[in-house]
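Letter by letter, the chains look like this.
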Amino acid sequence: AETPRSPREPPPPAVERSAAGPGLWYEKAAAGDRRLGKAVTIAKSKKFRDHHGKVLLEGQRLIKDALEAGAVLQTLFFSTVGHLKELPEAELKRANLVKVKFEDIKSWSDLVTPQGLIGIFSKPDHAKMSYPASQLTSSLPLLLICDNIRDPGNLGTILRSAAGAGCEKVLLTKGCVDPWEPKVLRAGMGAHFRLPIVANLDWESLPRNLPAGVQVCVADNKDPGAQAETTSVPTGAGRAGSAPGKSKPKAAPEREDEEGAAGGCVPELAVQHYYENWTQTPVAVVIGGETHGLSAEALHLAASTGGKRLVIPVVPGVDSLNSAIAAAIVLFEGKRQLLQRHKREDERQKFPVVG
């Protein structure tokens, strides 16, 4: 039996369905349809993203990259049928397609020039993604660890650089901005669907996401000549990782260690310029955020693997480099070194030295 409807409750609007191609149907949103607004509100809130397991992607390129990588589209809001022809038809058939007015998309869009496409996806699982073959064939035994990267634009740019350098994987510690935040997605320019990104890791579980025998290095901009001592510094006795009486090390300004191991010591690491050889394979690089810098946990992890401080020298008086710039410099230098190493190994195999 049908459930009786309250006399005050208006009947639901009739759904108008139209064909956009063989087997591809969409519905036109009626006046007063609030689904777009509700979907965007959910997808823009980290709390709701986590609770509902949904993310918002906007624009033809990003949505296409996501679909081709195997991300699951739930609902696509579009303003013109022509947009659908640019996307994989098989994936669209599995989704709910809703045609809305461009003005409605524009009012909810984060883009300066909205394209008329907003997709609500199930939150992607890096373990289930199908990354592009070109990315996989160019992948290097180079990983990136983001330590307290809190600026969305910086994180998106860092992810883009990691994809461009051919990183094998990116690990985000707790304290980093959510990679599915819309501003991170925009700055990432599709990097989210080119390489695995593992988010919200605590330092205890992070090593389980690293390959065996990895060496972890940290990016810095301390002058190697400024550090003669190799002593340990008590945690909380100053800035994390600072040598007594020396200028503080930075991958960005370092933070006072409020969360490190109480009563522990922050280890000093061997220091060298970033352009000197450091790519023992496999290798991971830690980039610290500009507000909080490298954590004591990052330094401990590096020390436990025999890692180093990789110094990007800057002109005296320049406080620090932007974390995204520092990441790009170190990652592409790592790529150069690894490719040279691979080239030398190939040459040795082709032309072995005969004793």
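About the cut-offs
Residues numbered from 1 in each chain as written. Predicted model: local features only at pLDDT ≥ 70, side-chain atom pairs only at ≥ 80, totals over all residues. Heavy atoms only, no water. UniProt positions renumbered as here; feature names shortened; annotations may be inferred. Buried < 20%, exposed > 50% of the residue type's maximum accessible area, 1.4 Å probe, protein only. Helix = DSSP H or I, 4+ residues; strand = E, 2+ residues; numbered from the N terminus. Pairing = 2+ DSSP bridges. Phe/Tyr/Trp six-rings, centres within 6.5 Å; stacked < 30°, edge-to-face > 60°. Axes fitted to C-alpha atoms, helices over the stretch in contact; angles between N-to-C directions. Expected span 1.5 Å × (residues − 1). Contact = heavy atoms within 4.5 Å. Polar contact = N/O pair within 3.5 Å; in protein donor to acceptor, adjacent residues only side chain to side chain. Salt bridge = Lys/Arg side-chain N within 4 Å of Asp/Glu carboxyl O. pLDDT = per-residue confidence, 0-100. Core = buried A, V, L, I, M, F, W, Y, C linked by side-chain atoms within 4.5 Å.

Taking an unreviewed UniProt entry as the reference, the chain is identified by name as MRM3 methyltransferase belonging to Chordeiles acutipennis. Annotation of the chain in UniProt includes, under Sequence similarities (unreviewed entry), the sentence "Belongs to the class IV-like SAM-binding methyltransferase superfamily. RNA methyltransferase TrmH family."

What to know about the pairing of strand S14 (residues 283-288)
In terms of burial, S14 is a largely internal element, six of the six residues being buried. Side chains Val283, Val285 and Ile287 project from S14 onto one buried face, and the interleaved Ala284, Val286 and Gly288 project onto a second face that is buried too. The pairing of strand S7 (residues 142-147) with S14 spans six bridges and is parallel. Among the inter-strand pairings, Cys146 is bridged to a residue of S14, identified as Ile287.

Some remarks on the packing of aromatic side chains
Under the counting rule described, the total for this entry stands at three aromatic pairs. Here the aromatic rings of Tyr26 and Phe78 are separated by 5.4 Å at their centres, their planes lie at 80°, and the arrangement is edge-to-face. One end of the pair, Tyr26, is in strand S2 (residues 24-28); the other, Phe78, is in strand S4 (residues 73-78), with 52 residues separating them in the sequence. Of the residues examined, Tyr26 reaches a relative accessible area of 7% and is grouped as buried. On the basis of an interplanar angle of 45° and a centroid distance of 5.9 Å, the ring pair of Trp180 and Phe193 is categorised as tilted. One end of the pair, Trp180, is in the loop between strand S8 (169-173) and helix H8 (182-188); the other, Phe193, is in the loop between H8 and strand S9 (197-201), with 13 residues separating them in the sequence. The exposure class assigned to Phe193 is buried, which follows from its relative accessible area of 2%.

Let's talk about the sheet that holds S7
Spatial ordering of the open sheet is given by S9-S8-S7-S14-S10-S15-S13, a layout of seven strands whose pairing is parallel. Taken across any chain shown, the strands that pair with only one partner, and hence form the sheet edges, are S9 and strand S13 (270-273). Looking at each pair of strands side by side, their axes are set apart by 25° on average, direction ignored. Relative to strand S15 (residues 308-311), strand S10 (residues 215-220) runs parallel, the two sharing three bridges. Bridge pairing links Val218 to Arg309 in S15.

Details of helix H10 (residues 323-350)
In this model, H10 (28 residues) spans 40 Å end to end at C-alpha, consistent with the 40 Å of a helix rising 1.5 Å per residue. Considered for burial, the residues of H10 that qualify are Ser323, Ala324, Ala326, Ala327, Val330, Leu331, Glu333, Gly334, Gln337 and Leu338. The elements touched by buried residues of H10 are S7, helix H7 (152-165), S10, S14 and S15. For H10, the capping residue at the N-terminal end is Asn322, with a side-chain oxygen 2.7 Å from the backbone nitrogen of Ala324.

Concerning the pairing of S4
For S4, the tally of buried residues reaches five of six residues, placing the bulk of the element in the interior. Direction of pairing for S4 relative to strand S5 (residues 96-99): parallel, over a ladder of four bridges. Residue pairing for S5: Phe77 is matched across the bridge by Val98.

Side note on the environment of Leu185
Locating Leu185 in the fold gives a position in helix H8. Separated by 26 residues in the primary sequence, Leu185 and Leu159 place their C-alpha atoms 9.4 Å from one another. If we ignore the near neighbours within four places in the chain, the residues touching Leu185 are Leu56, Leu57, Leu62, Pro179, Trp180 and His192.

Notes on the pattern of salt bridges
Pairing is possible between side chains of opposite charge, provided their charged atoms come close. Taken as a whole and judged by the stated rule, the model has eleven salt bridges. Where Arg186 meets Asp110, a salt bridge forms, and the shortest distance between an N and an O atom there is 3.7 Å. Of the two residues, Arg186 is situated in helix H8 and Asp110 in the loop between helix H5 (102-108) and strand S6 (117-122); the sequence distance between them amounts to 76 residues. Using a relative accessible area of 32% as the deciding quantity, one classes Arg186 as partly exposed. Members of the salt-bridge network, linked through shared partners, are Glu27, Asp33 and Arg35.

Observations regarding the confidence of the model for the chain
In the predicted model, the chain carries a mean pLDDT of 83, and 81% of its residues have values of at least 70. Within the chain, S7 carries the highest mean pLDDT (98), whereas strand S11 (residues 233-234) carries the lowest (34). Between residues 9-14, whose pLDDT stays under 50, and residues either more than four places distant or in other chains, the model counts three contacts.

With respect to the nonpolar core
Core analysis: the largest hydrophobic core is formed by 35 residues, its most contacted members being Leu142, Leu144, Cys146 and Val170. Looking at this core, the elements that each hand over two or more residues are S7, H7, S8, S10, S14 and H10. The contacts of Val170, once residues within four sequence positions are left out, are Leu144, Cys146, Leu159, Ala162, Leu195, Pro196, Ile197 and Val198. Counting 25 residues, the second-largest nonpolar core is a separate cluster that includes Ile63, Ala71, Leu117 and Tyr131.

Examining the environment of Ala303
Note on placement: Ala303 falls in helix H9 (residues 296-304). The exposure class assigned to Ala303 is partly exposed, which follows from its relative accessible area of 35%. The spacing of Ala303 and Cys217 is 86 residues in sequence and 8.5 Å in space, taken between C-alpha atoms. Setting aside residues up to four positions removed in sequence, Ala303 forms contacts with Pro267 and Leu269.

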